[in-house]
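# Report on the structure
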Amino acid sequence: MSKRREYRDSRDRDEDLNYASDAFDRATLYVEGVPTDANEREVAHIFRPFIGFRDVRLVRRDSKRNPGTQFIICFAEFEQKLQADYCLSILQGYTFSKSDPPEKGLRLQHAKNDNYERRRRDSYSPNPRRSRD
């Protein structure tokens, strides 16, 4: 009985260590719903109270659906994934103004890693059926 309990404890500890190593990776949140007239300083003030907040980036893009209008893509970077998770849970649906309807609130999610080298390496797969005659 004690060996079984000891095994379970060591397995749980290993799982905790694996989760802890993932938690210390930097995490970036992708944020939608930022008003077009917002600047980096205003957006940074929203994220600044959260522990581990490092930086915010705003990217202005022209809309393909509505020519002549712009929208903002926002990225908020945190030191640890757990800190980003906490921020995501708190700020989901946050509105900039009290007069804004809830549908206009922020929509947060974890950003996808857009590493060009990784995509190029992963997309390459030689075709074994193709002959080189």
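All of the points below concern the structure found in this document.

Conventions used here
- Residues numbered from 1 in each chain as written.
- Predicted model: local features only at pLDDT ≥ 70, side-chain atom pairs only at ≥ 80, totals over all residues.
- Heavy atoms only, no water.
- Core = buried A, V, L, I, M, F, W, Y, C linked by side-chain atoms within 4.5 Å.
- Buried < 20%, exposed > 50% of the residue type's maximum accessible area, 1.4 Å probe, protein only.
- Helix = DSSP H or I, 4+ residues; strand = E, 2+ residues; numbered from the N terminus.
- Contact = heavy atoms within 4.5 Å.
- Phe/Tyr/Trp six-rings, centres within 6.5 Å; stacked < 30°, edge-to-face > 60°.

### Re the nonpolar core
Counting residues in each nonpolar core, the largest one holds 23 residues, and the members touching the most others are Val34, Val43, Phe47, Phe78 and Leu108. If you list the elements that add at least two residues to this core, you get strand S1 (27-32), helix H2 (40-47), strand S2 (53-62), strand S3 (70-78) and helix H3 (81-91). The residues contacting Leu108, other than those within four sequence positions of it, are Leu29, Tyr30, Val31, Phe47, Leu88, Leu91 and Gln92.

### Points about the side chain of Gln83
By the element assignment, Gln83 lies in helix H3. A residue is classified by how much of its surface remains accessible, and Gln83, at 16% relative accessible area, is buried. Apart from residues lying up to four places away in sequence, Gln83 is in contact with Ile51, Gly52 and Phe78.

### Topic: the packing of aromatic side chains
Applying the stated criterion across every chain yields a total of six aromatic pairs. Where Phe50 meets Tyr86, the ring centres are 6.0 Å apart and the plane angle is 65°; that geometry is what we call edge-to-face. Residue Phe50 is located in the loop between H2 and S2, and its partner Tyr86 is located in helix H3; the two are separated by 36 residues in the primary sequence. An aromatic cluster is present here, built from Phe47, Phe53 and Phe78 joined pairwise through their rings.

By themselves these figures say nothing about function.
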